[in-house]
Amino acid sequence: MAETPTIYVLNGPNLNLLGTREPEIYGSDTLDMIAERLRSQGGNLGFHIEFRQSNHEGTLIDWIQEAGAKAAHAILINAAGYTHTSIAIHDALKAVTVPVFEVHLSEPKEREAFRHTSYVGMVAKECFSGHGAKSYELALDAAAQL
Ligand code: DQA
């Protein structure tokens, strides 16, 4: 039997604090709640969801490389603050042949100017932002359709 294809959902710094972190901007869902919904949605779409969070840039890069080595179906990434700073994450996403979907709860382009540059967006197929936790679900639907 063919192996269930995997979609990596990678989350960057401070997203472990969702639920209590600036809920007026990021909503009240915890990352565990989002993970649970995505696993169930992924299962219904025929995918295994590898959902992870790290506060460390190098760990996120190791996971991007892992997704590449395992020929994952797609990477959904909310690189959080690293979105706007990390050339290393940009390079890692570019180095793998896995399609990348950028995710944000808020709409960074409508916030402070320092959030307007996205090094992830430059290498992503599509970006889903500004829909709260639903941004993840929309990105998963798009990734599943590839
Ligand atoms: C974020 C937006 C980023 O600008 C911010 O640094 C985050 C969260 C979002 O999901 O809205 O940590 O990626």
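Scroll up a little and you will see the structure.
Summarised in this report is the structure supplied together with it. (Residues numbered from 1 in each chain as written. Predicted model: local features only at pLDDT ≥ 70, side-chain atom pairs only at ≥ 80, totals over all residues. Heavy atoms only, no water.)

Points about unusual backbone geometry
Note the threshold: Numbered from the N terminus, helices here are DSSP runs of H or I no shorter than four residues, and strands are runs of E no shorter than two.
At A71, a residue that is not glycine, the phi angle is positive and equals roughly 50°. Considering the arrangement of structural elements, one finds A71 in the loop between α3 (57-69) and β3 (74-78). Phi is positive for A80, close to 50°, though the residue is something other than glycine. Position of A80 relative to the elements: it lies in the loop between β3 and α4 (87-95).

Remarks on the pairing of strand β4 (residues 100-104)
Each regular strand displays side chains that alternate between the two surfaces of the sheet. As a reminder, the rule being used: For every residue, the accessible area (1.4 Å probe, protein chains only) is compared with the maximum for its type, and the residue is labelled buried under 20%, exposed over 50%, or partly exposed between those bounds. Looking down the strands as they point away from you, a crossover is right-handed if its path from the first strand over the helix to the second goes clockwise. Paired strands, in this sense, are two strands between which DSSP finds at least two bridges.
The buried fraction of β4 amounts to five of the five residues, a majority that puts the element mostly inside the structure. Neither face of β4 is left uncovered, since the one carrying V100, E102 and H104 and the one carrying F101 and V103 both have all their residues buried. Taken together, β3, α4 and β4 form a β-α-β motif whose crossover is right-handed. As defined by bridge partners, β4 adjoins strand β5 (residues 126-129) across four bridges and the pair is classed as parallel. Among the inter-strand pairings, E102 is bridged to a residue of β5, identified as C127.

Some thoughts on the side chain of N11
Heads up, the condition is: What qualifies as a polar contact is a pair of N or O atoms within 3.5 Å, subject to a donor-acceptor requirement within protein and to the restriction that residues adjacent in sequence count only when both atoms come from side chains. We call two residues contacting when some pair of their heavy atoms lies within 4.5 Å.
Within the secondary structure, N11 sits in strand β1 (residues 6-11). A distance of 2.6 Å separates the side chain of N11 from the side chain of Y136, its partner in a polar contact. Residue contacts for N11: discarding those within four places in its chain leaves L31, F51, R52, Q53, S54, L60, N78 and Y136.

Comments concerning the packing of aromatic side chains
What counts is decided by this rule: Any Phe, Tyr or Trp ring, taking Trp's six-membered ring, that has another such ring centre within 6.5 Å forms a pair; planes under 30 degrees apart are called stacked, those over 60 apart edge-to-face, and the others tilted.
The tally for this structure, following the rule as stated, stands at one aromatic pair. With centroids separated by 6.4 Å and ring planes inclined at 35°, the aromatic side chains of F51 and Y136 adopt a geometry described as tilted. Residue F51 is located in strand β2 (residues 48-53), and its partner Y136 is located in helix α5 (residues 134-144); the two are separated by 85 residues in the primary sequence. With respect to burial, F51 and Y136 carry one shared label: buried.

A closer look at α4
Here is the rule: The directions from the helix axis to the C-beta atoms form the arc being described.
Among the residues of α4, those classed as buried are I89, H90, A92 and L93. For α4, the angular spread of the buried residues around the axis is 165°, confining them to a single face. When the buried face of α4 is taken as reference, the exposed residues oriented beyond 90 degrees from it are K94 and A95.

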